[in-house]
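Observations on the three-dimensional arrangement
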Amino acid sequence: MMGQAFAVCSGQEEKMTTEEMLGRVDHTLLKPYATWEEIRRLCQEALEYHTASVCVPPSYVKRIHETYGGLNICTVVGFPLGYSTTGAKLAEVEQALAEGCNEIDMVVNIGDVKNGDFDKVEREIRTLKEACGGHILKVIIETCYLTLEEKIAMCRAVTNAGADYIKTSTGFGTAGAAREDVELFRKHIGPEVKIKAAGGISALEDLEMFIRLGCDRVGTSRAVGLCAKS
């Protein structure tokens, strides 16, 4: 039942309602075989449960915008591998914004990260943020492939480039969001950068945990279904 509150494990903190949690959710459907009927259902759920956005493949952005008007649309760029060129990613951003997208989740070039070429990574992020202008840019660093030092370096790069969010994962890697990565982000990002956790978040307890850890957004395909059943 919507509005029911959930106690945290310690029992000490104020309870969080499903509305509060869903207001932080990017309601996500990025599987490569997603049909329009599935996307349409996602959008209707987002409107009914007031999620922060829908996060969808770029090919559906225009149709969603034309069908659902004021719905906040997020899409992905360089997804899920990140190794397309900056020019290709820039073209994706420009088309997505022209077709009605409001938020961009980009994947960094993980090869550049592993090569230690953080200046190049930072330049790419800055280029895409300039193209986004006042629209939100979230930077997916795919934590499952990175060392501790690389994660810290990416916190600096995302901050220096002026991006709005650092995001843990695509959901297509070898692992997803982890508590320790969010805690690490909080220590090393700048004060203007927000955090998005994504990948493998399949329980209300996990959703609430990541929000309490400081995530302004959580990407998941399951939150609405879980809340609707509660």
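Overview of the structure. Sequence order as written defines the numbering, with residues in each chain counted from 1. With pLDDT at 70 or above as the cut-off, local features in this predicted model cover only qualifying residues; side-chain atom pairs require 80 or more to be listed or tallied, and sums for whole chains, interfaces and linings still use all residues. Side-chain measures were taken over the full set of non-hydrogen atoms in the model, leaving aside hydrogen atoms and water.

1. Let's talk about the nonpolar core
As used in this record, nonpolar core signifies buried Ala, Val, Leu, Ile, Met, Phe, Trp, Tyr and Cys residues forming a set joined through side-chain atoms within 4.5 Å. Throughout, exposure labels follow a simple rule: accessible area from a 1.4 Å probe, protein chains only, divided by the maximum for the residue type, with under 20% read as buried, over 50% as exposed, and the rest as partly exposed. Core analysis: the biggest nonpolar cluster contains 63 residues, and Ile64, Ile125 and Met154 have the highest contact counts within it. Pairs of residues are marked as contacts when any of their non-hydrogen atoms sit within 4.5 Å. When neighbours within four sequence positions are excluded, Ile64 is seen to be in contact with Trp36, Ile39, Cys43, Val56, Gly69, Leu71 and Ile73.

2. Some details on the side chain of Ser53
Mapped onto the elements of the fold, Ser53 is located in strand β4 (residues 53–56). Excluding residues that lie within four positions of it along the chain, Ser53 makes contacts with Val25, Asp26, His27, Asn72, Cys74 and Arg217. The secondary structure listing takes helices from DSSP runs of H or I that are at least 4 residues long and strands from runs of E that are at least 2 residues long, numbered from the N terminus.

3. Concerning the sheet that holds strand β8 (residues 165–167)
Note on sheets: strands pair through backbone hydrogen bonds, and any given pair is parallel or antiparallel. Read around the barrel, 8 strands follow the order β3-β4-β5-β6-β7-β8-β9-β10 and close on themselves; strand pairing throughout is parallel. Going from strand to strand, the sheet's axes swing by 25° on average, the running direction of each strand aside. Paired strands are those between which DSSP finds at least two bridges. Bridge analysis of strand β9 (residues 194–198) against strand β10 (residues 217–220) gives 3 bridges, and the strand direction is parallel. Along β10, the bridge assignment pairs Lys196 with Arg217. Throughout, an axis means a line fitted to C-alpha atoms (over the contacting stretch in the case of helices), and angles, computed between N-to-C directions, take values from 0 to 180 degrees. In the packing of helix α3 (residues 61–68) onto the sheet, the strands contacted are β4 and β5 (73–77), and the crossing angle to β5 comes to about 175°. Sheet contacts for helix α6 (residues 118–132): β5, β6 (103–107) and β7 (136–140); angle to β7, the most-contacted strand, approximately 155°.

Worth remembering: the numbers are spatial, not functional.
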